[in-house]
Amino acid sequence: MILSRVKAVQEENGWLDEYIFTGADGRITVHQLSSCMKNKCSQIGIRSKGINAYRRTVNSLIRANGLSAEAAGAMIGNTPSVNNQYYTFDVTEDSKKYDVLDQVNQFMLNPGGSPGRSR
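Rules behind the numbers
Here the residue numbering is sequential within each chain, running from 1 through the sequence in written order. Since the coordinates come from a predicted model, pLDDT governs what is reported: local features require at least 70, and pairs of side-chain atoms require 80 or more to be given and counted, while whole-chain, interface and lining totals use all residues. By convention in this description, side-chain values take in all heavy atoms of the structure and omit both hydrogens and water. In this description a helix means any DSSP run of H or I spanning at least four residues, a strand means any run of E spanning at least two, and both kinds are numbered starting from the N terminus. Three exposure classes are used, based on accessible area relative to the maximum for each residue type with a 1.4 Å probe and protein chains only: buried under 20%, partly exposed in between, and exposed over 50%. Here, two residues are considered to be in contact whenever any of their heavy atoms come within 4.5 Å of each other. The term salt bridge refers to a pairing of a side-chain nitrogen on Lys or Arg with a carboxyl oxygen on Asp or Glu at a separation within 4 Å. The disulfide criterion is simple: two cysteine sulfur atoms within 2.5 Å. Every residue carries a pLDDT, the predictor's confidence in it, which falls somewhere between 0 and 100. For helices, the fitted axis covers only the stretch in contact; all axes are lines through C-alpha atoms, and the angles between them, taken along N-to-C directions, range from 0 to 180 degrees. Any angle that is under 35 degrees is reported as roughly parallel, and any over 145 degrees as roughly antiparallel; angles of 65 to 115 degrees are reported as roughly perpendicular and all others as oblique. Basically, the charged four are Asp, Glu, Lys and Arg, the nonpolar ten are Ala, Val, Leu, Ile, Met, Phe, Trp, Tyr, Cys and Pro, and anything else, Gly included, counts as polar.

A. Quick look at the overall build of the protein chain. Of the regular secondary structure elements, the protein chain holds 6 helices and 2 strands. Along the protein chain, helices (α) and strands (β) appear in the sequence α-β-β-α-α-α-α-α when read from the amino end. Across its three principal directions, the C-alpha atoms of the protein chain cover 65 × 30 × 25 Å. Counting every position in the protein chain, which comprises 119 residues, the buried fraction comes to 15%. Counting contacts in the protein chain only where the partners sit at least 6 residues apart, residues at least 24 apart contribute 21% of the total.

Okay, structure coming up:
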C-alpha cells in the first residue's frame, strides 16, 4: 500500500509528522505535491490532473464504499457540507445502475414482490 511506503520513507529519514506528506523541511505544500503528481503522471504516461481532481476522485470512491460524509471530509480536510457539495460525484458503474433499474422495473410489474430481490 502506498501509504505504508510513504510512512516507511518518513521513518527512514526521521520525517515523522502529523501530515502524511512531509519532507526534511516539514509539511509539503499543495504546490509541491501537485507538481510532483504531474511529474509522476508524465513519467508513467498518463494524463495529469490537478490535485483537487484527485481529491474529488478519492473522496467519491471512499464515499461509494460506505464512508460517511463526515469521515471522508475529515480525511481530505473538508466539512461534510463542502464534501457533499463539491467533492462527491457518482462513481457507480453503469452495469450496477442497469441492474438496480431492472430490479425496480420488475417490482413495478409485480408490486407483490420485493424490490431489490434477484430474479
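B. Expanded view of the environment of Met75. Among the structural elements, Met75 can be located in helix H4 (residues 69-76). Judged by its relative accessible area of 58%, Met75 is exposed. Separated by 20 residues in the primary sequence, Met75 and Arg55 place their C-alpha atoms 10.0 Å from one another.

C. Looking closely at the pattern of salt bridges. Within this structure, the stated rule accounts for 2 salt bridges. For the salt bridge of Glu12 with Arg5, the shortest nitrogen-to-oxygen distance reads 3.9 Å. The exposure class of Glu12 is exposed, given its relative accessible area of 61%. The partner of Lys97 in a salt bridge is Asp90, with the nearest N and O atoms 2.6 Å apart. In this structure Lys97 comes out as partly exposed when scored by relative accessible area, which is 35%.

D. Focus on the state of the cysteines. Using the criterion set out here, one finds 0 disulfides in the structure. Left unpaired, Cys36 is separated from the closest cysteine sulfur, that of Cys41, by 9.3 Å. Take Cys41: its relative accessible area is 7%, and that puts it in the buried class.

E. View of the confidence of the model for the protein chain. Put simply, the protein chain has an average pLDDT of 86, and 94% of its residues get 70 or more. Confidence scores differ between elements of the protein chain, with strand E1 (residues 22-23) showing the lowest mean pLDDT of 78 and helix H6 (residues 94-109) the highest of 92.

F. Structural detail: the packing of helix H3 (residues 51-64) against helix H5 (residues 80-87). Axis separation between H3 and H5 bottoms out at 10 Å; the angle between their running directions is 105°. Judged by the inter-axis angle, H3 sits roughly perpendicular to H5. Taken together, the residues of H5 that come into contact with H3 (itself represented by Asn52, Arg55, Arg56, Asn59, Ser60 and Arg63) are Asn83, Asn84, Tyr86 and Tyr87. Tallied by class, residues from the contact of H3 with H5 come to 2 nonpolar, 5 polar and 3 charged.

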